[in-house]
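Observations on chain architecture
Below are the chains, spelled out letter by letter.
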Amino acid sequence: MKEKKKIIRNIEKPVQKYRFAIQTLFALLCIWIGIEFTLFVKSLEYGNPDLVSHRPPGVEGFLPISSLMSVYYFFVTGEIHPAHPAGFFIFLAIVGVSFVVGKSFCSWLCPIGFLSETIGDFGEKICLKLFKRRIKLPKFVDYPLRSLKYLLLGFFVYAIFFSMTLAALKAFLDSPYNLMADVKMYYFFANISKFSLTVIAVQFILSIFIRNFWCRYFCPYGALLGIISFLSPLKIKREAKSCIDCGLCAKACPSFIKVDKVDTVRSDECSMCMSCVDACPVADTLFVETKIVKKKISKKFVAIAIISIYIAITGIGILTGHWKNNISRKEYIILHKQIDNLGHPTNTADIEKLNKESESRADK
Ligand code: SF4
Ligand code: SF4
């Protein structure tokens, strides 16, 4: 006969409301950056350097490829490339958070993750009403789709780390295309094509029924953080002795991880959202533990660690004067006039050609 377990109720306060507050604040910050950047681009359209408004450096957080290149450039040369220094520090902050607290950036800070989660929560209500359960793709579809984000990441890693010489890397980072990558991104969304809009709309609709569709299957940033998360000393642990097999943890997990069947959650899909820990009704049964000293970590500490690491690393960028780039208002006006001709350079010859064309235009 199965031994009846003595249940001590979990009275530790949930952290989901703190997580929601942090996600909201970060999303508002991104919206604020978006508004300031729109005003900046609009001011460039006047063509007068005196009328150029403030450019928020935080926009560089939306240039992950350029930032990855800057990080590589830093490791090879020891220098922070001046084109998008804020992007460099934001990238390091995100990677730093993942080294310590797993893939937590996705569920605590990322605005796309927040949007995806909100759509997923809404979709879950619909699915529960319609089908009486959450929708999860069968393994034979889910696994190959999950590998897509790793393929995308592999492509970028190969293109940057294995096929670019230092000269090509520097030429790309210096190129007018890279200097104006944020402005190009603005125009991409401001004048979005029917095709791109359709792709986004399809992703949006699929995210209603398939939770985290973009993040789970396509986001190369998430793939990178998922790999780094394996190095994190903090892991979700389950105490099998006191577990009552209620399955509430697995039910609460947005990543469909079978938390109730493992002793330690070791999954590239775990975003350290703490939903499972909050859902567990038994005290000291599901918790965060550090591998290094085998010590339980409070949920609040996890939240504080995420915020502190992010602020500390981006703060270093701000305090050391590596936050604003060195592109003058006059240069922005000149580059903005060429914006339609700035195509993505595909090889060193392209990059050098663009550089020469830009120099000769600037001389005129
Ligand atoms: S295992 Fe727990 S912490 Fe990880 S994603 Fe699932 S619910 Fe969140
Ligand atoms: S929530 Fe999960 S870990 Fe907690 S008692 Fe239920 S099955 Fe066990």
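Below: a short report on this structure. (Residues numbered from 1 in each chain as written. Chains lettered and ligands numbered in written order. Predicted model: local features only at pLDDT ≥ 70, side-chain atom pairs only at ≥ 80, totals over all residues. Heavy atoms only, no water.)

**Here's the deal with the packing of helix H1 (residues 16-44) against helix H9 (residues 181-190)**
- Between H1 and H9, whose axes approach to 11 Å, the crossing angle comes to 95°. In this view, H1 runs roughly perpendicular relative to H9, as classed from their interaxial angle. Facing Phe37, Thr38, Phe40, Val41, Lys42 and Leu44 of H1, the residues of H9 in contact are Asp182, Val183, Tyr186 and Tyr187.
- For the contact of H1 with H9, a count of residues per class yields seven nonpolar, one polar and two charged. (Axes fitted to C-alpha atoms, helices over the stretch in contact; angles between N-to-C directions. Helix = DSSP H or I, 4+ residues; strand = E, 2+ residues; numbered from the N terminus. Parallel < 35°, antiparallel > 145°, perpendicular 65-115°, else oblique. Contact = heavy atoms within 4.5 Å. Nonpolar A, V, L, I, M, F, W, Y, C, P; charged D, E, K, R; others polar.)

**Digging into the site of ligand 2**
- Arg238, Cys243, Ile244, Asp245, Cys246, Gly247, Cys249, Asp260, Cys280, Pro281, Val282 and Thr285 make up every residue found near ligand 2.
- Residues of the shell around ligand 2, tallied by class, amount to seven nonpolar, two polar and three charged. (Near = heavy atom within 4 Å.)

**Let's talk about helix H15 (residues 299-319)**
- Between its first and last C-alpha, H15 extends 30 Å over 21 residues, near the 30 Å set by a 1.5 Å rise per residue.
- Among the residues making up H15, those that are buried are Lys299, Val302, Ala303, Ala305, Ile306, Ile309, Tyr310, Thr314, Gly315 and Gly317.
- Turning to H15, the residues buried within the fold contact H1, helix H3 (85-101), helix H4 (104-108), helix H14 (275-279), strand S2 (286-290) and strand S3 (295-297).
- Downstream of H15 by one or two residues, Gly321 has phi in the positive range, about 75°. (Expected span 1.5 Å × (residues − 1). Buried < 20%, exposed > 50% of the residue type's maximum accessible area, 1.4 Å probe, protein only.)

**Overview of the nonpolar core**
- Judged by nonpolar contacts, the single largest core of 62 residues is most densely connected at Ile236 and Met274.
- The biggest single contributor to this core is H3, with ten residues.
- Those residues in contact with Ile236 that lie beyond four places of it in its chain are Asp263, Thr264, Val265, Cys270, Met272, Met274, Cys276, Val277, Leu286, Phe287 and Val288.
- With 19 residues, the next largest nonpolar core counts Val52, Ile327, Tyr332 and Ile333 among its residues. (Core = buried A, V, L, I, M, F, W, Y, C linked by side-chain atoms within 4.5 Å.)

**Some thoughts on the pattern of salt bridges**
- For the coordinates displayed, the defined rule picks out 18 salt bridges.
- Across the salt bridge formed by Asp174 and Lys170, the nearest N and O atoms sit 2.7 Å from each other. With a gap of four residues between them, Asp174 and Lys170 both fall in helix H7 (residues 166-174), about one helical turn apart.
- With a relative accessible area of 30%, Asp174 lands in the partly exposed category.
- Residue Lys170 is classed as partly exposed on the basis of its relative accessible area of 37%.
- One salt-bridge network, in which partners are shared between bridges, spans Lys103, Asp142, Arg146, Lys149, Arg216, Asp268 and Glu269. (Salt bridge = Lys/Arg side-chain N within 4 Å of Asp/Glu carboxyl O.)

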